[in-house]
Structures are given as C-alpha cells and as structure tokens.
Amino acid sequence: MNPVLFRRPLYGYGLAICGWLTAFGVRMALADWFPPGFPYLTFFPAVVVIAYFCGLGPAILTAVLSGLSAWWFWIGAPGFDWSAATGLALAFYVFVVAVDIFFIVGMNAATDGLKREVARNAALAESRDLLLKEVQHRVSNNIQVVSSLLRLEAGMTRDETARRVLSEAAARTALIAKVQRSLLDADGAAAPFDDLARRLVADALEATGRTDVTIEVERACHALTAEEATPVALILLECVNNALEHAFPGRPGRIDVRLYEVDGERRLEVRDDGAGPPPAFDPGQSRSLGLRIVLGLTEQLRGRFSLMEGSPGALCRLTYPRPADH
C-alpha cells in the first residue's frame with residue numbers, strides 16, 4: 001500500500017476520522033474488559049497508522065480526537081476532569097503521541113527524499129549511459145570511415161607495396177571499429193572474450209579463404225574491459241593471421257585460442273600445429289609490421305609477449321596483469 005495515495009487532504013482527514021472512530025468503537029466495546037489505567041490503549045495504534053499513511057495534519061487530528069475521547073470517558077471523573085492526576089495522564093499521552101508523530105512523519109519525509117534522490121540518480125545514470133553509447137557509436141562510425149578511406153586509397157594506388165600496407169591498415173582500423181561496436185553492445189562495460197574472439201577468427205578465416213584450417217576458441221568465463229579489449233583483440237588477430245599465412249603452406253591445420261588467468265595475470269595463447277617458428281626466432285628483432293604492432297600493444301598492456309616452439313607448431317603467448325576491477 002502506497003502512503004502517498006492517502007496524503008491528499010480529503011482522503012487524509014477522512015481516513016483520520018475513520019481511524020479515530022474505529023479506535024473509539026473498539027475501546028468502548030472493550031471498556032468492561034480493560035482494567036483501570038489504560039485509557040489510550042486503542043488510540044495509540046490509530047495515531048501511528050494515520051501518521052504513517054496520511055501525514056502530519058491527519059495524525060494531529062486523530063491524536064486530538066483520541067485524547068479528548070479518552071479524557072471524557074476514561075480519565076478521572078466523567079466529563080473533562082481537571083484534577084492533577086488527569087493532567088499528568090494527559091501530559092503523558094501528549095508526549096507519547098508527539099514522539100510517535102515526530103519520528104513517523106520524519107521517517108516518511110526522509111524516505112520520500114531518498115526516493116527522489118534515487119530517481120534523480122537513476123535518470124542521471126540513464127542519461128550518462130545514453131551519452132556514452134552515442135559517443136561510442138560515433139567513434140565506431142568515424143573509425144569505419146577511416147577504414148573505408150584507406151581501402152579506397154589502396155584501390156587507387158598502383159604501387160603494390162603501398163597497396164598492401166594500406167589494405168592492412170584498413171583491416172586493422174576496421175577491427176578497432178568492430179571492437180568498439182562490441183563494447184557498445186555490452187553497454188560499454190566489458191566484452192565477453194569468447195564471443196569477440198570467435199567473431200574475429202571467423203572473419204580472419206573468411207578473409208584468407210582457407211577452408212582447410214580449423215580454429216577453436218576455448219570457452220572461458222572472462223570478459224575484456226574497454227581498456228584491454230582493443231589491444232587484446234588486435235594481438236589475437238595478428239597471431240591468427242600470422243599462423244594462417246606461414247604455418248600451413250599447402251596443407252590443413254588447426255589453431256587453438258585460449259584466455260585464462262594464473263597468479264593474478266591473464267594469458268592469451270594462440271597455438272597452431274604448423275611448421276613452427278625458425279630456430280632462435282626473436283620477435284623483438286623481427287622487421288614484420290604485425291609483430292611490431294603486437295609488441296607495441298603488449299607494452300600498452302604492461303605485459304610480455306613471446307613466440308616459441310609449440311611441439312608441434314608455434315605458440316604465441318601474451319601475459320599481462322589482470323585488470324583491477326576483475
């Protein structure tokens with residue numbers, strides 16, 4: 001039952017009179033059963049109920065009518081007795097109902113204020129979320145425009161090396177736009193790694209046209225924060241593309257992707273069963289643009305990256321500190 005419904009004056013004062021009449025009727029009916037000294041027993045609950053549901057004015061009216069009724073019928077001699085004992089009893093009654101009304105009305109006022117503040121904060125949070133989604137949407141669209149311009153420039157360039165570099169840059173910016181959209185779908189909080197990784201590797205397979213390579217993403221109960229999602233996704237895609245390009249020359253293969261946590265760190269592993277890296281291969285000394293990007297993003301995550309023999313194949317491992325809010 002909502003107390004606000006009874007705080008209109010007509011309803012409030014009408015309910016106050018009904019509450020007083022009910023308490024008076026019950027007290028009158030039980031008069032022969034009550035021992036002396038309990039003139040207000042049925043009136044105190046009426047005052048409390050009216051104070052809670054109807055507010056200050058109706059509560060005062062109920063208290064006054066109840067006090068006058070008890071004074072006339074059950075305190076001292078019949079009628080309005082003016083003895084000292086009657087005055088003491090009335091003073092006790094006034095004190096008790098005043099305290100009841102003060103705390104109940106004050107509690108209601110505090111509750112109403114809290115509800116208004118909660119509603120205001122909810123409205124502000126909704127407005128903030130809408131603004132954040134709009135910003136993310138615009139960022140994603142702008143990145144997609146950059147990717148489209150790079151692809152257009154690559155198509156107009158005659159130099160084969162420049163065309164390849166521009167196409168790779170377009171693909172990477174398109175990936176960043178896709179990650180942004182994934183974060184937007186997740187309300188900007190965290191993107192489930194499984195879903196994001198499966199979409200990325202599926203796009204990578206489709207782009208290369210390899211139908212003889214299987215990529216498996218191990219199920220993991222982890223989500224990527226907005227800060228880590230883009231670099232981790234780019235590193236994952238570079239490792240998968242590197243395996244698709246070099247690990248399986250003219251033969252089928254398999255790539256396994258997993259993200260797990262150990263000792264307060266997150267580890268991303270991309271393992272293939274292909275030819276494996278050259279002996280004593282050092283990613284830090286490589287002239288490959290993809291590996292340079294991976295190392296730069298690893299530094300951004302304050303992590304470590306290694307490419308080693310996977311027995312068989314190659315194992316790419318990214319290790320970085322687990323985000324603080326996980």
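Residues numbered from 1 in each chain as written. Predicted model: local features only at pLDDT ≥ 70, side-chain atom pairs only at ≥ 80, totals over all residues. Heavy atoms only, no water.

### Some words on the packing of aromatic side chains
In step 1: Inspection of every chain in the model, using the stated rule, returns 13 aromatic pairs.
In step 2: Taking the centre distance of 5.3 Å and the plane angle of 55 degrees together, the rings of Phe24 and Phe73 count as tilted. With Phe24 in helix 1 (residues 9-29) and Phe73 in helix 3 (residues 56-74), this residue pair connects regions lying 49 residues apart in the sequence.
In step 3: Given the relative accessible area of 18%, Phe24 is considered buried.
In step 4: The exposure class of Phe73 is partly exposed, given its relative accessible area of 42%.
In step 5: Ring centres of Trp71 and Trp82 lie 5.0 Å apart, and the angle between their planes is 80 degrees; on these two criteria the pair is classed as edge-to-face. Taken together, the residues span a long stretch of sequence, with Trp71 in helix 3 and Trp82 in the loop between helix 3 and helix 4 (84-156) at a distance of 11 residues.
In step 6: Given the relative accessible area of 12%, Trp71 is considered buried.
In step 7: Taking the relative accessible area as the measure of exposure, Trp82 reaches 71% and is therefore exposed. (Phe/Tyr/Trp six-rings, centres within 6.5 Å; stacked < 30°, edge-to-face > 60°. Helix = DSSP H or I, 4+ residues; strand = E, 2+ residues; numbered from the N terminus. Buried < 20%, exposed > 50% of the residue type's maximum accessible area, 1.4 Å probe, protein only.)

### Describing the nonpolar core
In step 1: Phe193, Leu236, Val240, Ile255, Val257 and Phe305 are the most contacted members of the largest nonpolar core, which totals 40 residues.
In step 2: Elements with a minimum of two residues in this core: helix 6 (193-208), strand 2 (213-217), helix 7 (226-246), strand 4 (253-262), strand 5 (265-272), helix 8 (289-300), strand 6 (304-309) and strand 7 (314-321).
In step 3: No other element matches the 11 residues that helix 7 contributes to this core.
In step 4: Beyond its immediate chain neighbours, meaning those up to four positions away, Val240 contacts Val201, Ala204, Ile215, Ile255, Val257 and Val270.
In step 5: Listed in part, the 21 residues of the second largest apolar core include Ala23, Val47, Leu90 and Val96. (Core = buried A, V, L, I, M, F, W, Y, C linked by side-chain atoms within 4.5 Å. Contact = heavy atoms within 4.5 Å.)

### Things to note about the sheet that holds strand 5
In step 1: Taken together, the five strands give an open sheet; going across it, the order is 2-4-5-7-6, and neighbouring strands pair in mixed fashion. This sheet does not close on itself; its edge strands, each paired only once, are strand 2 and strand 6. Averaged over all adjacent pairs, the angle separating strand axes in this sheet is 15 degrees, with direction ignored.
In step 2: In terms of strand pairing, strand 4 meets strand 5 through eight bridges, oriented antiparallel. Directly across from Val257, in strand 5, lies its bridge partner Val270.
In step 3: Against the sheet, helix 8 engages strand 6 and strand 7, with an angle of about 135 degrees to strand 6. (Pairing = 2+ DSSP bridges. Axes fitted to C-alpha atoms, helices over the stretch in contact; angles between N-to-C directions.)

### Some words on the layout of surface pockets
In step 1: As a volume, the largest pocket reaches approximately 1200 Å³.
In step 2: Forming the boundary of the largest pocket are 42 residues, of which Leu237, Glu238, Asn241, Asn242 and Glu245 lie nearest the centre.
In step 3: Secondary structure elements with two or more residues in the lining of the largest pocket: helix 5 (160-185), helix 6, helix 7, strand 5, helix 8 and strand 7.
In step 4: If one sorts the elements of the lining of the largest pocket by residue count, helix 7 sits on top with 10 residues.
In step 5: Looking at the lining of the largest pocket, its residues break down into 23 nonpolar, nine polar and 10 charged.
In step 6: Computed from the structure, the second largest pocket encloses a volume of approximately 200 Å³. (1 Å grid on protein atoms, 1.4 Å probe; cavity = no way out; pocket = protein on both sides within 12 Å on 5 of 7 lines; lining within 4 Å. Points joined across faces, edges and corners; volume = space filled by probe spheres on them. Nonpolar A, V, L, I, M, F, W, Y, C, P; charged D, E, K, R; others polar.)

### Looking at helix 8
In step 1: Here helix 8 is 12 residues long and its end C-alpha atoms lie 17 Å apart, about the 16 Å a rise of 1.5 Å per residue gives.
In step 2: Restricting attention to buried positions, one finds in helix 8 the residues Gly290, Leu291, Val294, Leu297 and Thr298. With its buried residues spanning 125 degrees around the axis, helix 8 presents them on a single face.
In step 3: Residue Arg302 follows helix 8 closely and has a positive phi angle near 60 degrees. (Expected span 1.5 Å × (residues − 1). Arc of directions from axis to C-beta.)

### Quick look at unusual backbone geometry
For residues other than glycine, phi is negative in most cases, and the peptide bonds are mostly trans.
In step 1: Of note, the amide linkage connecting Ser311 to Pro312 takes the cis form, showing an omega dihedral of 0 degrees.
In step 2: Phi is positive for Asp263, which is not a glycine, with a value near 55 degrees.
In step 3: Inspection of the secondary structure assignment puts Asp263 in the loop between strand 4 and strand 5.
In step 4: Classification of Asp263 as exposed rests on a relative accessible area of 76%.
In step 5: We note that Arg302 has phi near 60 degrees; this positive angle belongs to a residue other than glycine.
In step 6: Here Arg302 falls in the exposed class, since its relative accessible area comes to 66%.

### Some points on the pairing of strand 2
In step 1: Of the two faces of strand 2, the one lined by Val213, Ile215 and Val217 is fully buried and the one lined by Thr214 and Glu216 carries no buried residue.
In step 2: In terms of strand pairing, strand 2 meets strand 4 through five bridges, oriented parallel. By the bridge assignment, Val217 is partnered in strand 4 with Val257.

### A short note on helix 3
In step 1: Taking 1.5 Å of rise per residue, 19 residues should cover 27 Å, and helix 3 covers 26 Å from first to last C-alpha, within 8% of that figure.
In step 2: Downstream of helix 3 by a residue or two, Gly76 has a phi angle that is positive, lying close to 65 degrees.

### Examining the environment of Val232
In step 1: Structurally, Val232 can be placed in helix 7.
In step 2: Assessed through its relative accessible area of 1%, Val232 is described here as buried.
In step 3: Remark: the alpha-carbon pair of Val232 and Ala109, spanning 123 residues in sequence, is separated by 51 Å.
In step 4: Setting aside residues no more than four positions away along its own chain, Val232 makes contact with Phe193, Leu224, Leu268, Leu301, Leu318 and Tyr320.

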